[in-house]
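Each chain, written out:
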Amino acid sequence: MNFSDNYNGWLNDNRLSGEAKAELESIKDNKKEIEYRFGAELEFGTAGMRGIIGYGTNMMNVYTVRRATAGLAEFIKSTGEAACARGVVISYDTRLKSDEFAASAAEVLAANGIKVYLFDEVHPVPMLSFAVRRLNAVAGIMITASHNPKQYNGYKVYGEDGAQMSPEDTAAVVGFIQEHTDYLGTPVPTDAQRKKLIRSVPSSVDKKYYKELKKLALSKRAVKACGKDLKLVYTPVHGSGYIPVTTILKKIGIKATVVEAQTKKDTDFSTVEVPNPEYKETLSMGIALAQKIGATVVFGTDPDSDRLGVAVKNGAGEFEALSGNQVGILLLDYILTRLKDEDALPKNAAVVKSFVTTGMAKAMCRQFGVELFEVPVGFKFIGEKIKLWERDRSHNFVFGFEESCGYLRGTHARDKDAVVASMLCAEMVCYYASLNKTVYQRLTEIYDTYGYVLDCNVSIPFSGLNAMSEMNAVVDGLKTNPVKKFDIYDVVAVRDYSKNVKIDVATGATSEIGSPLTNCVYYELENGSFICVRPSGTEPKLKIYYSVKAHHKPDAEAALEKMKAAVNALIK
């Protein structure tokens, strides 16, 4: 069936809602729009599905959500009655239609005889992950598009361990989803099923979550000394982080000044261009407030509160937005320093990062005698390490982070947790204040100790139905085009993650990487620098990562520009 037939099939189906019918009728003369909406199905990958809100098979709407949930329900039922009785936890953020999609997913599960725990109010990703574990549920659903623009929403599925569902289980779910060809025909629960199977998440779950986070505090003495008078600014950017972040800060004794205009739930995120706290522009209202009250640090969380963005006042008195890598090394340094100071660094301590995250972590972990592990992009792989170590007791998880502003301390959740990261960030400001030092000064000291590393990633946007295949084609092309040098840097080795092999450039010898397969090319450069190219798994962007090691910042910046030019010439 072609896209035109699909479009007409939906438009003429009497089960279609009035809202959907009106929206589809409004595009009847727009062939390009009809093709985009009905020329493909919204892909359900290892990160769930994410797309522009609207009606059509390639869009985020109540029908694509119900179809995906029907497939998940079939998967759960295939594992036995006990799984159905354990149930599924559902949460959602402040995005447009998030609450509607969450309720629709709950109804489909109930209609399939599966218990549902539905949050009564917006809750962030980490609290969903925690609730899955706390309630012994078999799975979790989070309705969110994370830091994407306001036009997007998404659907993430979690396994019983609280981490995003494994690739193997996701493949099984996709198989069941594909069996549901009638988008408008998913089952509806009876009143009895609704009453019996859909229940609210107990309030005790929130209390237990905060209790677990309080255990992770590292500088109680410093917080007691200056927490109440701390000049610190926080913004939830209209997202789900407002209540949990301010709650945990209050519980540990820190008073942050909040950007009141951005505490309101706003599906348009009207005070920012994009609700991504990684960008300085997104934190601009917080920075203005910080300048007014004399604060030196501003931090913010994204709509589902799994990412933390930070801006700090530098030596010249101007605010700089730190990269996810910089926040990561600050938190890593702070956590390891405080644990060592308190003689609480566990035996066989381990840190986990994605392989595109700063190479600086290696030297830092070596200094503290902590083992560092690298995993593919996707926090679920960090969660898998935690799960493995809980089983074999070989290592003790201390900290996990990704360059995309994702951090986790503790094992209460198995995904990025901007709530605990916010707590640690605020506590870190207190700690350095007690030493008459700023966070920026500590960052400078870290560079002085380990050498300067400039980490940068560039996103090249793609569009249209063939965006993913076009991005993959660029990466595939690099595999057939051997490169021995990127301007001033020699290539030492090339990792092809799609084949799980590493090739030594000098000898041609190959070895296994020991990593799950993903379409990615990674160039190991001399002196520990690297370049990595991969398609994003959550949005139509080709991601290019640079990690440049040099003696000083100007040297690194000059080298980065040369490396960028060399990469651009290669992929064009």
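Refer to the structure printed above.
Below, the structure is looked at part by part. (Residues numbered from 1 in each chain as written. Predicted model: local features only at pLDDT ≥ 70, side-chain atom pairs only at ≥ 80, totals over all residues. Heavy atoms only, no water.)

### Details of the overall build of the chain
Step number 1: Each helix and strand in the chain was counted, giving 20 helices and 23 strands.
Step number 2: Taken over the C-alpha trace, the chain has a radius of gyration of 24 Å; the compact-globule value for 572 residues is 25 Å, and the two agree within 12%.
Step number 3: Counting only C-alpha atoms, the chain reaches 70 × 55 × 50 Å along its principal axes.
Step number 4: Within the chain, contacts between residues at least 6 apart in sequence are counted, and of these 69% link residues at least 24 apart.
Step number 5: Surface summary for the chain: the accessible area is close to 23800 Å², and the carbon and sulfur share equals 49%.
Step number 6: In the chain, 71 side chains carry a positive charge and 69 a negative one; their mean positions are 6 Å apart. (Helix = DSSP H or I, 4+ residues; strand = E, 2+ residues; numbered from the N terminus. Rg over C-alpha atoms; globule rule 2.2 N^0.38 Å. Contact = heavy atoms within 4.5 Å. Areas by Shrake-Rupley, 256 points an atom, 1.4 Å probe, with all protein chains shown as cover. Lys, Arg positive; Asp, Glu negative; His and termini not counted. Charge placed at Lys NZ, Arg CZ, Asp CG, Glu CD.)

### Thoughts on the packing of aromatic side chains
Step number 1: Taken as a whole, this structure holds 20 aromatic pairs when the rule is applied.
Step number 2: Ring centres of Phe399 and Phe401 lie 5.4 Å apart, and the angle between their planes is 20 degrees; on these two criteria the pair is classed as stacked. For the pair shown, Phe399 and Phe401 are each scored as buried.
Step number 3: Over the ring of Tyr522 we find Arg495; its NZ or CZ atom is 3.9 Å from the centre of that ring. (Phe/Tyr/Trp six-rings, centres within 6.5 Å; stacked < 30°, edge-to-face > 60°. Buried < 20%, exposed > 50% of the residue type's maximum accessible area, 1.4 Å probe, protein only. Lys NZ or Arg CZ within 6 Å of the ring centre and 35° of its normal.)

### Observations regarding the nonpolar core
Step number 1: Grouped together as the largest cluster of nonpolar side chains are 107 residues, with contacts concentrated most on Val89 and Tyr523.
Step number 2: By residue number, the principal contributor to this core is helix H17 (residues 418-434), which donates 13 residues.
Step number 3: The contact partners of Tyr523, leaving out residues within four places of it in the chain, are Leu478, Val483, Phe486, Val491, Ala493, Val494, Ser529, Phe530, Ile531 and Leu570.
Step number 4: Listed in part, the 48 residues of the second largest apolar core include Ile34, Ala68, Val88 and Leu109. (Core = buried A, V, L, I, M, F, W, Y, C linked by side-chain atoms within 4.5 Å.)

### Details of the packing of helix H10 (residues 203-214) against helix H12 (residues 242-252)
Step number 1: Following both chains from N to C, one finds H10 and H12 inclined at 50 degrees, their axes separated by 10 Å at the closest point. Considering their axes alone, H10 and H12 lie oblique with respect to each other. Every pair of crossing elements has a handedness; the one defined by H10 and H12 is right-handed. Between H10 and H12, the residues in contact are Tyr210, Leu213 and Lys214 and Ile243, Pro244, Thr247, Ile248, Lys251 and Ile252, respectively.
Step number 2: Its residues assigned to classes, the contact of H10 with H12 shows six nonpolar, one polar and two charged. (Axes fitted to C-alpha atoms, helices over the stretch in contact; angles between N-to-C directions. Parallel < 35°, antiparallel > 145°, perpendicular 65-115°, else oblique. Left-handed = near helix turned anticlockwise from the far one by under 90°. Nonpolar A, V, L, I, M, F, W, Y, C, P; charged D, E, K, R; others polar.)

### Quick look at helix H16 (residues 379-392)
Step number 1: Over its 14 residues, H16 extends 20 Å from the first C-alpha to the last, a length consistent with the 20 Å expected when each residue adds 1.5 Å.
Step number 2: Turning to H16, its buried residues number three or more, namely Phe379, Lys380, Phe381, Ile382, Gly383, Ile386 and Trp389.
Step number 3: Contacts made by the buried residues of H16 are with helix H8 (167-178), strand S12 (349-354), strand S13 (371-375), strand S14 (396-402) and strand S15 (406-408).
Step number 4: A positive phi of about 60 degrees marks Arg393, the residue just after H16. (Expected span 1.5 Å × (residues − 1).)

### Section: the sheet that holds strand S11 (residues 319-321)
Adjacent strands of a sheet form backbone hydrogen bonds with each other and so pair up, either parallel or antiparallel.
Step number 1: Here we have five strands laid out as an open sheet, ordered S8-S7-S9-S10-S11, and mixed in their pairing. This sheet does not close on itself; its edge strands, each paired only once, are strand S8 (257-258) and S11.
Step number 2: Examined bridge by bridge, strand S10 (residues 308-313) and S11 share three bridges and lie antiparallel to one another. Residue pairing for S11: Ala311 is matched across the bridge by Ala321.
Step number 3: Along the sheet, H17 contacts strand S7 (232-235), strand S9 (297-301) and S10; its crossing angle with S9, the most-contacted strand, is approximately 175 degrees. (Pairing = 2+ DSSP bridges.)

### Examining the environment of Phe486
Step number 1: Mapping Phe486 onto the fold places it in strand S17 (residues 485-486).
Step number 2: For the pair Phe486 and Tyr523, spaced 37 residues apart in the sequence, the C-alpha separation amounts to 9.5 Å.
Step number 3: Dropping the residues within four chain positions of it, Phe486 is found in contact with Val491, Tyr523, Leu525, Ile531, Met563, Ala566, Val567 and Leu570.

### What to know about the sheet that holds S12
Step number 1: Pairing is mixed in the open sheet, where four strands are placed in the order S13-S12-S14-S15. For this open sheet the edge positions go to S13 and S15, each flanked by a neighbour on one side alone. Within this sheet the neighbouring strands show an average axis-to-axis angle of 20 degrees, counted without direction.
Step number 2: Pairing of S12 with S14 involves five bridges; the strand directions are parallel. Within S14, the residue paired with Ala350 across the bridge is Phe397.
Step number 3: Against the sheet, helix H14 (residues 324-341) contacts S12, S14 and S15, and its axis sits at roughly 160 degrees relative to S14.

All we've got here are geometric facts, nothing functional implied.
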